[in-house]
Amino acid sequence: MRNEERFKTLKNIVKIYLPEDVSEEAIEAESNFTSELNINSANLVDIVLDVEDAFHIKIENEDMDQMKTVKDALYIIDQKLLNKA
Amino acid sequence: MKKRVVITGLGVCAPKGVGISNFLKTLQKGESGIAFHQELAALGFSCQIAGKPEVTPAILEAYFSPLQRKGLSASGIVYGVIAGMDAWADAGLQKAAKEEPDWDSGIVFGAGTLGVDTFREAIHLIDANNTRRLGSTTVIQTMASGISAYLGGILGCGNQVTTNSSACCTGTEGLIMGYERIRSGMASRMLVGSTSDSGPYVWGGFDAMRILPNQYNDNPTLASRPMSDSAAGFVPGSGAGALVLESLDSALKRGVTIYAEVLGGAVNSGGQRGNGSMTAPNSAAVQGCIKAALKNAEVHEKDIDVINGHLTATKKDVDEIRNWSEALQRKGIDFPYINSTKGIVGHCLAASGSIESVATVLQLKEGLVFGNQNCPDIHPEILACIDASKIPQQTIQYQPKIVAKASFGFGDVNACVIFKEYPK
């Protein structure tokens with residue numbers, strides 16, 4: 001999967017968790033999930049589960065702690081897919 | 001000074017009665033919300049029929065955002081949110097603005113169980129060593145107060161937001177709790193109601209107790225027979241009812257429609273003493289509760305025009321009629337009209353008190369007494385106590401002034417509330 005596609009897949013996962021007043025266009029590589037996209041921190045575990053399902057990987061608690069921004073998430077996904085391959 | 005309390009909004013999500021106008025039609029015509037459920041038959045239930053509100057995907061989309069719908073399996077939340085949001089809108093109230101809650105509005109929304117199906121999914125995952133896959137909503141979908149938490153967030157209520165639980169008394173008890181809060185000046189508006197989820201894992205325990213009818217699986221609409229000589233047990237139901245209670249001052253200031261006034265009410269327990277037990281009410285307590293409600297409401301026994309009973313369609317219906325008769329000191333032709341909503345929707349358990357209170361208030365508003373279903377053969381011991389004409393078989397035109405609604409629950413707990421017509 002190319003980087004562009006991964007970003008698109010992640011964006012599709014994340015958009016459902018956005019509050020009503022944050023638009024899908026606001027999701028950028030540098031966006032912080034909680035402080036910028038205003039996603040409820042409780043929903044971060046749901047995003048992790050959706051990412052696991054979409055990319056067929058397993059994200060550990062310590063990975064989740066590192067996952068502050070969209071870019072962080074993409075990096076973790078990259079690493080997991082590399083390790084898998 | 002004590003505040004007068006009125007009802008300014010109604011909402012309901014009942015079997016064959018999702019939304020007030022549908023519910024009213026069903027009650028007026030005496031249609032049945034009871035249906036056969038293959039799911040129950042496949043699991044070998046004795047009683048394979050139940051009352052379940054029909055919530056279509058379009059209705060779900062109208063009340064829940066895509067995020068709220070994700071993994072939503074607690075039917076108690078679905079029913080409660082539909083009824084609660086409807087009642088709020090019916091009262092002409094808005095959701096609170098984004099930055100600040102409405103400090104004068106609160107919620108008492110009761111539940112018995114809320115999301116047994118969600119619990120089941122969680123149990124399967126946990127037993128498979130997969131707890132990490134539960135997601136973030138298992139707790140809010142299974143905690144008893146999930147429904148008041150959900151509604152509190154949607155509406156932005158800043159006063160007391162809580163869930164009560166007292167078995168089949170829950171809805172009527174919650175109404176009285178909200179009434180007391182407004183009466184004492186601690187809130188201006190209280191959304192009161194209750195919800196009960198659906199399905200085999202909710203109803204199985206009752207089937208095991210052999211207190212549900214098993215001979216009507218082919219004729220579900222005939223199964224719920226309150227006050228009938230052939231009553232064979234209660235038909236399990238589910239759903240939610242909701243009412244907006246408001247101080248008269250606040251309602252007049254807002255210039256909204258007033259459905260009825262809540263004159264007062266009472267709750268008590270028989271302590272599982274005398275003829276009371278975990279599952280049967282102590283008659284002295286039932287009568288004491290009715291009398292205390294009258295006293296609290298400052299009305300005389302002879303003032304009651306209509307009773308909406310608990311009347312579940314078991315042999316206990318006879319005891320209930322005797323208790324009303326003795327508490328009110330009225331019998332034969334002097335007894336008030338009496339009906340049971342359960343002949344139509346079944347016994348909606350924790351939701352019964354609120355769904356039936358909505359039905360009771362609709363009678364005051366519409367000038368009707370809804371007909372009793374499936375009791376052409378009134379139990380002879382009931383007929384020995386009250387006149388047959390007081391148990392209307394069809395809906396009749398009659399404008400009651402004062403009506404009483406009671407609910408009794410497992411644990412030997414009772415609640416009785418008195419409503420009065422509010423002159424239009």
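Residues numbered from 1 in each chain as written. Chains lettered and ligands numbered in written order. Predicted model: local features only at pLDDT ≥ 70, side-chain atom pairs only at ≥ 80, totals over all residues.

1. Regarding the overall build of chain B
Step number 1: For chain B, the helix and strand inventory stands at 16 helices and 15 strands.
Step number 2: For chain B, the C-alpha radius of gyration of 20 Å lies close to 22 Å, the compact-globule estimate for 424 residues.
Step number 3: Across its three principal axes, chain B shows a C-alpha extent of roughly 60 × 55 × 40 Å.
Step number 4: Considering chain B as a whole, with its 424 residues, one finds that 57% of them fall into the buried category.
Step number 5: Once local pairs closer than 6 in sequence are excluded, the contacts in chain B between residues at least 24 apart make up 81%. (Helix = DSSP H or I, 4+ residues; strand = E, 2+ residues; numbered from the N terminus. Rg over C-alpha atoms; globule rule 2.2 N^0.38 Å. Buried ≥ 20, exposed ≤ 12 C-beta atoms within 10 Å, placed from the backbone. Contact = placed C-beta atoms within 7 Å.)

2. Side note on the overall build of chain A
Step number 1: Each helix and strand in chain A was counted, giving four helices and zero strands.
Step number 2: The order of α-helices and β-strands along chain A, N terminus first, is α-α-α-α.
Step number 3: Taken against the 2.2 N^0.38 rule, which gives 12 Å for 85 residues, the C-alpha radius of gyration of chain A at 12 Å falls within 12% of a compact globule.
Step number 4: In terms of overall dimensions, chain A has C-alpha extents of about 40 × 25 × 20 Å along its principal axes.
Step number 5: Burial analysis of chain A (85 residues in total) assigns 21% to the buried set.
Step number 6: By sequence separation, contacts in chain A at least 24 residues apart represent 49% of the contacts at least 6 residues apart.

3. Some words on the nonpolar core
Residue and element names in this part refer to chain B.
Step number 1: Counting 109 residues, the largest nonpolar core has Leu191, Leu243, Leu245, Ala293 and Val361 as the members making the most contacts within it.
Step number 2: In this structure Ala293 touches Gly264, Gly265, Ala266, Ala404, Cys416, Val417 and Ile418, once residues within four positions along its chain are discounted.
Step number 3: Membership of the second largest hydrophobic core comes to 16 residues, among which are Phe45, Ala50, Trp203 and Tyr216. (Core = buried A, V, L, I, M, F, W, Y, C linked by C-beta atoms within 7 Å.)

4. Here's the deal with the pairing of strand β9 (residues 260-269) of chain B
Residue and element names in this part refer to chain B.
Step number 1: Most of β9 is tucked away, with eight of its ten residues classed as buried.
Step number 2: Examined bridge by bridge, strand β1 (residues 5-14) and β9 share three bridges and lie antiparallel to one another. Paired with Ile7 across the bridge in β9 is Ala260.
Step number 3: Relative to strand β15 (residues 413-421), β9 is paired through nine bridges, and the arrangement is antiparallel. Residue pairing in the sheet places Ser269 in a bridge with Val413 of β15. (Pairing = 2+ DSSP bridges.)

5. Quick look at the packing of helix α9 (residues 170-183) of chain B against helix α15 (residues 352-366) of chain B
Residue and element names in this part refer to chain B.
Step number 1: Packing of α9 against α15 brings their axes to within 5 Å, and their N-to-C directions diverge by 70°. With respect to their mutual orientation, α9 and α15 come out roughly perpendicular. Judged by residue contacts, Thr170, Gly171, Thr172, Glu173, Gly174 and Leu175 of α9 engage Ser352, Gly353, Ser354, Ile355 and Ser357 from α15.
Step number 2: Taken together, the residues of the contact of α9 with α15 break down into two nonpolar, eight polar and one charged. (Axes fitted to C-alpha atoms, helices over the stretch in contact; angles between N-to-C directions. Parallel < 35°, antiparallel > 145°, perpendicular 65-115°, else oblique. Nonpolar A, V, L, I, M, F, W, Y, C, P; charged D, E, K, R; others polar.)

6. Here's the deal with the interface of chain A and chain B
How big an interface is tends to be stated in terms of accessible area lost as the parts join.
Step number 1: Chain A puts seven residues into the contact, and the matching count from chain B is six residues.
Step number 2: Of the residues belonging to the side of chain A that touches chain B, the class tally is five nonpolar, one polar and one charged.

7. Some words on the environment of Met85 of chain B
Residues and elements named next belong to chain B.
Step number 1: Tracing the backbone through its elements, the reader meets Met85 in helix α5 (residues 75-90).
Step number 2: Note on Met85: 22 C-beta atoms within 10 Å, which makes it buried.
Step number 3: Along the primary structure Met85 and Leu191 are separated by 106 residues, whereas in three dimensions their C-alpha atoms are 9.5 Å apart.

8. Things to note about α9 of chain B
Residue and element names in this part refer to chain B.
Step number 1: Taking 1.5 Å as the rise per residue, α9 with 14 residues should run 20 Å; its terminal C-alpha atoms sit 20 Å apart, in good agreement.
Step number 2: Counting buried positions over the 14 residues of α9 gives 13, a clear majority of the element.
Step number 3: Within two residues after α9, Gly185 carries a phi angle of roughly 85°, on the positive side. (Expected span 1.5 Å × (residues − 1).)

9. Focus on unusual backbone geometry
Leave glycine aside and you will find that most residues have negative phi; peptide bonds, for their part, are mostly trans.
Residue and element names in this part refer to chain B.
Step number 1: Phi is positive for Lys16, which is not a glycine, with a value near 50°.
Step number 2: Located in the positive-phi region is Ala167, a residue other than glycine, with phi close to 50°.
Step number 3: Of note, Ala167 is situated in the loop between β6 (161-162) and α9.

10. Section: helix α1 (residues 20-29) of chain B
Residues and elements named next belong to chain B.
Step number 1: Three or more residues of α1 are buried, namely Ile20, Phe23, Leu24, Thr26 and Leu27. End-on, the buried residues of α1 take up no more than an arc of 165°, which puts them together on one face.
Step number 2: Elements that come into contact with the buried residues of α1 comprise β1, β2 (17-18), α5, α14 (342-345) and α15.
Step number 3: Of the residues trailing α1, Gly30 is marked for its positive phi of about 70°. (Arc of directions from axis to C-beta.)

11. Concerning the confidence of the model for chain B
Step number 1: Looking at chain B as a whole, its pLDDT mean stands at 97, while 100% of the residues score no less than 70.
Step number 2: At the level of chain-chain contacts, confidence expressed as ipTM amounts to 0.88, with global pTM at 0.96. (pLDDT = per-residue confidence, 0-100.)

12. Let's talk about the packing of helix α1 (residues 3-15) of chain A against helix α2 (residues 44-55) of chain A
Residues and elements named next belong to chain A.
Step number 1: Put simply, α1 and α2 touch, their axes get as near as 10 Å, and they point 145° apart. Every pair of crossing elements has a handedness; the one defined by α1 and α2 is right-handed. Counting all contacts with α1, which are made through Thr9, Leu10, Ile13 and Val14, the residues of α2 involved are Ile47, Asp50, Val51 and Ala54.
Step number 2: Here the contact of α1 with α2 is composed, by residue class, of six nonpolar, one polar and one charged. (Left-handed = near helix turned anticlockwise from the far one by under 90°.)

13. Some details on the environment of Leu82 of chain A
Residue and element names in this part refer to chain A.
Step number 1: Here Leu82 shows up in helix α4 (residues 70-84).
Step number 2: What makes Leu82 exposed here is the crowd of 8 C-beta atoms within 10 Å.
Step number 3: Taking the C-alpha atoms as reference, Leu82 lies 25 Å from Ile27; in sequence the two are 55 residues apart.

14. Thoughts on the confidence of the model for chain A
Fine structural detail should not be taken from predicted coordinates in areas where pLDDT scores are low.
Step number 1: With 99% of its residues at a pLDDT of 70 or more, chain A has an overall mean of 93.
Step number 2: Ranking the elements of chain A by mean pLDDT puts helix α3 (residues 61-65) of chain A last, at 90, and α2 of chain A first, at 95.

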